[in-house]
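Single-letter residue listing:
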Amino acid sequence: MNDNREPEMLTARDLAQVGRGTPAGEWFRRYWMVAARSDDLRDIPMRVRVLGEDLVLFRDGAGRLGLLGLHCPHRGTSLEYGDVGPSGLRCPYHGWLFDISGACLEQPAEPPGSVFHEKVRHLSYPVRELGGLIFAYLGPPDHEPPLPQYAPLAEPGGQRRIEAARHYDYNWYNFIENGADPAHFSTLHLSDPDDGTWRSWFFNARDVPPFDAVETDYGMKVVSRKPAAEKGLSYVDEKSYALPSVMQIGDTEFTHFKEPREALARGSSNAHWMFVTPDDDDHFTLYTVDHYTGPDPDFMTRLAPSRRPVATAEKPEHDHRPLSPYRGSVRLEDIMTQSTQGNVACRQERLAASDKGIILQRRLILNAVDRVRQGLRPQGVPSPEEGARLVRMDSFTGIRAYPPKPDGETDVRSD
Ligand code: FES
Ligand SMILES: [Fe+2]
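Rules used in this analysis
Residues numbered from 1 in each chain as written. Chains lettered and ligands numbered in written order. Predicted model: local features only at pLDDT ≥ 70, side-chain atom pairs only at ≥ 80, totals over all residues. Heavy atoms only, no water. Helix = DSSP H or I, 4+ residues; strand = E, 2+ residues; numbered from the N terminus. Rg over C-alpha atoms; globule rule 2.2 N^0.38 Å. Buried < 20%, exposed > 50% of the residue type's maximum accessible area, 1.4 Å probe, protein only. Contact = heavy atoms within 4.5 Å. Areas by Shrake-Rupley, 256 points an atom, 1.4 Å probe, with all protein chains shown as cover. Lys, Arg positive; Asp, Glu negative; His and termini not counted. Charge placed at Lys NZ, Arg CZ, Asp CG, Glu CD. Donors = N, O, S within 2.8 Å, 3.2 Å for Na, K, Ca; no water. Pairing = 2+ DSSP bridges. Axes fitted to C-alpha atoms, helices over the stretch in contact; angles between N-to-C directions. Domains from an automatic or database assignment. Buried area = accessible area lost by both parts, 1.4 Å probe. Salt bridge = Lys/Arg side-chain N within 4 Å of Asp/Glu carboxyl O. Arc of directions from axis to C-beta. pLDDT = per-residue confidence, 0-100. Phe/Tyr/Trp six-rings, centres within 6.5 Å; stacked < 30°, edge-to-face > 60°. Lys NZ or Arg CZ within 6 Å of the ring centre and 35° of its normal. Core = buried A, V, L, I, M, F, W, Y, C linked by side-chain atoms within 4.5 Å.

Asker: With reference to specific residues and values, describe the overall build of the chain.
Answerer: Check the secondary structure of the chain and you find eight helices and 22 strands. A globule of 415 residues ought to have a C-alpha radius of gyration of about 22 Å, and the chain, at 24 Å, matches this closely. With the C-alpha coordinates of the chain rotated into their principal frame, the extents come out at 85 × 55 × 55 Å. The buried share among the 415 residues of the chain stands at 51%. For the chain, long-range pairs separated by at least 24 residues make up 60% of all intrachain contacts whose partners lie at least 6 apart in sequence. When the accessible area of the chain is evaluated, it comes to approximately 19,600 Å², of which 51% is carbon and sulfur surface. Averaging the locations of the 49 positively and 61 negatively charged side chains of the chain gives two centres separated by 1 Å.

Quick look at the structure:
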């Protein structure tokens, strides 16, 4: 074996695998990943699967969070059925007791005076809580970064809502790349082009809005626009992506409330963020946060029903397609496309000019994966000097000069 050979070039196919020892798996292991919603972790242990690892999450008697390997190191029983006590989690089979660091404190069936428990150390990972989400770090301890203070979770005030965790049975990357692909909105999510809503006017297959893919300090965004009535101004719709797997959609209230075109003039007051955690290569979990800072006291009450995944299309009797009907629900429409396109590792593709957002996103991710392979810190992981800094994504939706210029002059249709 030649130890001097160059590492192989990474390709998008490498993004599909998230297990330990794979390029993307080691990359993910440099970030804090969401493992659960705080509300879902009650007084019993909770089984979670993160990056291909089976784990158990719990709070000990002092309220401290612990994340341990799911299977007891004695003879493998699932600690999901263990008992939470003041100092840790006790296996239900023979009573071995583990604290949140994985130290084995007790082994009731061992002879008196036995110190065998001191030789047993169970797998454990650091866990932190922020704004209603629980984050876990599965990477090398000497690379543990500060937990980024994601703005919609960390900022005080406003109305905040974290939806129930959603579980999907396809590869994480299919979901993430969809956010860098604004071209699909004008076809997939167009229900009635003449319904008078902003969404149907803006994202319309008869007049697909041009867009730019723009690098940012947190990752990238796609900026779609159409000319506004006022000279020099544009309707602008942005969607952001932050490494490793966080997205922000700027237009959620206009889309979900079916607002008319004019409503966009007031701009968006809602930050809609999506945190994607790969469970393994074939499943991921989605955690979404809305943080509204506008004047409507009933905003969240109105938002919840507008997002129900209920298709409006009829299903004829002869339609036996398993994902039909899907039209009329943005969420079902996305699931249909993303779950049927196949894993990026084995999918056949013909990328076109309108895939420029995806091309930029793949470059960013592969650069970051490669940096980890070289032992470097990837984009999106704060350095110890930066500390737990506030992370914002800028997904503007509204009317403004584009590209933004101090003098207000703008070229609204550049491609
Ligand atoms: S299997 Fe857990 S204590 Fe025996
Ligand atoms: Fe979509």
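Asker: For the coordination of the iron ion (ligand 2), give the residues involved together with the corresponding values.
Answerer: Protein ligation of the iron ion (ligand 2) involves His184 (NE2), His189 (NE2), Asp334 (OD) and Asp334 (OD), the donor distances falling in the range 2.1 to 2.7 Å. For the iron ion (ligand 2), the single-chain donor residues occur in sequence as H-x4-H-x144-D. Exposure class is identical for histidine 184 and histidine 189. Each is buried.

Asker: Got a sec to walk through the sheet that holds strand β1 (residues 32-37)? Specific residues and values, please.
Answerer: Across a sheet, paired strands are connected by hydrogen bonds in the backbone, their directions being either parallel or antiparallel. Judged by pairing direction, the sheet is antiparallel, and its three strands sit side by side in the order β1-β11-β10 without closing on themselves. Each of the sheet's edge strands pairs with one partner strand only, and the pair in question is β1 and β10 (127-130). Each adjacent strand pair in this sheet contributes to an overall mean axis angle of 35°, direction not counted. Of the pairings in the sheet, the one linking β1 to strand β11 (residues 133-137) comprises five bridges and is antiparallel in character. From the neighbouring strand, methionine 33 faces β11, where its bridge partner is alanine 136.

Asker: I'd like to hear about unusual backbone geometry, residue by residue, with values.
Answerer: Between leucine 243 and proline 244 the backbone carries a cis peptide bond, its omega angle lying at 5°. Along the chain, proline 244 turns up in the loop between β17 (234-242) and β18 (246-249). Cis geometry marks the peptide bond from serine 324 to proline 325, where omega comes out at 0°. Within the element layout of this structure, proline 325 appears in the loop between α6 (299-306) and α7 (330-340). For leucine 51, which is not glycine, the phi dihedral falls at a positive 50°. Relative to the assigned elements, leucine 51 resides in the loop between β2 (46-50) and β3 (53-59). Residue leucine 51 is classed as buried on the basis of its relative accessible area of 1%. For lysine 258, which is not glycine, the phi torsion reads 50° and is therefore positive. Examined against the element boundaries, lysine 258 turns out to sit in the loop between α5 (252-256) and β19 (270-280).

Asker: Please give an account of the domain arrangement of the chain that cites residues and values.
Answerer: When cut into domains, the chain gives domain 1 (34-134) and domain 2 (149-400). One C-alpha centre belongs to domain 1, the other to domain 2, and the line joining them spans 35 Å. Domain 1 puts 13 residues into the contact, and the matching count from domain 2 is 16 residues. Three residues, Val34, Arg37 and Leu130, lead the burial of domain 1 against domain 2; their summed loss comes to 46% of the area buried on that side. At the junction of domain 1 and domain 2, the tally comes to one salt bridge.

Asker: Report on α6, specifying residues and quantitative values.
Answerer: All buried positions along α6 are accounted for by Phe299, Met300 and Leu303. Across the axial projection of α6, the buried residues extend over an arc of 85°, all falling on one side.

Asker: Tell me what's going on with the pairing of β11, and back it up with residues and numbers.
Answerer: In terms of burial, β11 is a largely internal element, five of the five residues being buried. Side chains Leu133, Phe135 and Tyr137 project from β11 onto one buried face, and the interleaved Ile134 and Ala136 project onto a second face that is buried too. With four bridges joining them, β10 and β11 adopt antiparallel strand pairing. Bridge pairing in β11 places valine 127 opposite alanine 136.

Asker: Which residues make up the confidence of the model for the chain, and what are the values?
Answerer: Looking at the chain, the pLDDT average stands at 92 and 95% of residues meet or exceed 70. Below a pLDDT of 50 lies the segment residues 407-415, which in the model reaches 27 contacts outside its immediate sequence neighbourhood of four places, other chains included.

Asker: Any chance you could break down the packing of aromatic side chains for me, citing the residues and the numbers?
Answerer: Under the criterion given, the structure shown has 26 aromatic pairs. When the ring of tyrosine 150 is compared with that of tryptophan 273, the centres are 5.9 Å apart and the planes differ by 65°; the resulting orientation is edge-to-face. Here tyrosine 150, found in strand β12 (residues 149-150), pairs with tryptophan 273, found in strand β19; they are 123 residues apart in sequence, far enough to count as distant. Through pairs of rings, three or more aromatic residues link up here, namely Phe185, Trp198, Trp201, Phe202, Phe203, Tyr235 and Phe254. Note that lysine 226 overlies the ring of tryptophan 201, its terminal NZ or CZ placed 5.3 Å from the centroid. Lying across the ring of phenylalanine 185, lysine 239 places its NZ or CZ 4.3 Å from the centre.

Asker: So what's going on with the nonpolar core? Residues and values would help.
Answerer: Counting 53 residues, the largest nonpolar core has Trp27, Leu67, Leu138, Trp172, Phe175, Phe284 and Ile365 as its most contacted members. With eight residues, helix α8 (residues 356-373) is the largest single contributor of residues to this core. Two domains share this core, each providing at least three of its residues, namely domain 1 (34-134) and domain 2 (149-400). The residues touching phenylalanine 175, leaving out its near neighbours within four places in the chain, are Tyr170, Met247, Met274, Val276, Phe284, Leu286 and Gln338. Formed by 20 residues, the second largest nonpolar core is a distinct cluster that contains Leu130, Ile162, Ala242 and Ala271.

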